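Residues per chain are reported as follows:
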Amino acid sequence: MRPSLRILLLGALLLLAGCQDERQRAAFCENEGVRLLVGGSIAFSYEPNTCQLAFSRDLREFRAYTDTMSDFFVASFSQVPAELGQRLTADLVWTTERDVLTRKNLTLEVVRLEGDMVWLWSASGRIGLVVRILE
């Protein structure tokens, strides 16, 4: 295969991957409610009747968990997310059916703000989270 054809094919694949990420991000931004999305699947979704929320401005930390603490996610931010386009890092911990997973130093971008709700997206990690800044 010619080098120029390889470069063209590689460029096309990169464009397709970028379009896929934009579609995932757009779909994530359209949905309401506190939640954690990992790789296209909902890892945690806040239900008011069975869950609790917590936020500490001093610790720059958000927590969402079930009343029994069997399922949760915790995001510890490098700075409090506050403005559209803001880039920050976070350490993220969440439960799955069988394990507790951690992502350290995850780069996130604030992609939507509405009242006290903040939508954050990591393109590299394909992770989205919606948090509520409680005061």
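As a starting point, this report considers the structure included with it. This structure is a prediction, so every number in the text was calculated from the model and none was measured. (Residues numbered from 1 in each chain as written. Predicted model: local features only at pLDDT ≥ 70, side-chain atom pairs only at ≥ 80, totals over all residues. Heavy atoms only, no water.)

Quick look at the overall build of the chain now. In terms of helices and strands, the chain carries one helix and nine strands. Put simply, the chain runs from its N terminus to its C terminus through helices and strands in the order α-β-β-β-β-β-β-β-β-β. Here the chain holds 135 residues, and the buried ones make up 36% of them. Taking as baseline every contact in the chain between residues at least 6 positions apart, the subset at least 24 positions apart corresponds to 39%. Roughly 8,300 Å² of accessible area belongs to the chain as shown, and the carbon and sulfur atoms make up 53% of that amount. (Helix = DSSP H or I, 4+ residues; strand = E, 2+ residues; numbered from the N terminus. Buried < 20%, exposed > 50% of the residue type's maximum accessible area, 1.4 Å probe, protein only. Contact = heavy atoms within 4.5 Å. Areas by Shrake-Rupley, 256 points an atom, 1.4 Å probe, with all protein chains shown as cover.)

Locating Gln-79 in the fold gives a position in the loop between strand S5 (72-77) and strand S6 (87-95). It is 9.0 Å that separates the C-alpha atoms of Gln-79 and Arg-57, two residues lying 22 residues apart in sequence. A polar side-chain atom of Gln-79 sits 3.1 Å from a polar atom in the side chain of Gln-86. (Polar contact = N/O pair within 3.5 Å; in protein donor to acceptor, adjacent residues only side chain to side chain.)

A separate point is the side chain of Thr-95. Relative to the helices and strands, Thr-95 is located in strand S6. Here the side chain of Thr-95 touches Asp-71 through a polar contact of 3.3 Å, side chain to side chain. At 3.1 Å, the side chain of Thr-95 and the backbone nitrogen of Phe-72 are in polar contact. Excluding residues that lie within four positions of it along the chain, Thr-95 makes contacts with Ala-43, Ser-70, Asp-71, Phe-72 and Val-100.

Before going further, it helps to spend a moment on unusual backbone geometry. Positioned with a positive phi, Arg-60 is a non-glycine residue whose angle comes to about 55 degrees. Structurally, Arg-60 is set in the loop between strand S3 (51-56) and strand S4 (61-66). Under the relative-accessibility criterion, Arg-60 is labelled partly exposed at 34%. For Arg-126, which is not a glycine, the phi torsion comes out positive at approximately 50 degrees.

Here we come to the nonpolar core. Membership of the largest hydrophobic core comes to 33 residues, with the highest contact counts inside it found for Phe-62, Phe-73, Phe-77, Leu-120, Leu-129 and Val-131. Looking at this core element by element, the count peaks at five residues for strand S8 (residues 117-122). In this structure, Val-131 is in contact with Phe-62, Phe-73, Phe-77, Asp-116, Met-117, Val-118 and Leu-120, ignoring residues within four places of it in sequence. (Core = buried A, V, L, I, M, F, W, Y, C linked by side-chain atoms within 4.5 Å.)

Take the packing of aromatic side chains next. The final tally for this structure, using the stated rule, is three aromatic pairs. Taking the centre distance of 5.4 Å and the plane angle of 40 degrees together, the rings of Phe-28 and Trp-121 count as tilted. Here Phe-28, found in helix H1 (residues 3-30), pairs with Trp-121, found in strand S8; they are 93 residues apart in sequence, far enough to count as distant. Judged by its relative accessible area of 4%, Trp-121 is buried. One aromatic cluster is present, formed by Phe-44, Phe-62 and Phe-73 through successive ring pairs. (Phe/Tyr/Trp six-rings, centres within 6.5 Å; stacked < 30°, edge-to-face > 60°.)

Direction of pairing for strand S1 (residues 35-38) relative to strand S2 (residues 41-45): antiparallel, over a ladder of four bridges. Its bridge partner being in S2, Leu-37 is matched across the sheet by Ile-42. Hairpin geometry of S1 and S2 is characterised by an intervening segment of two residues between the two adjacent antiparallel strands and by a positive phi of about 60 degrees at Gly-39. (Pairing = 2+ DSSP bridges.)

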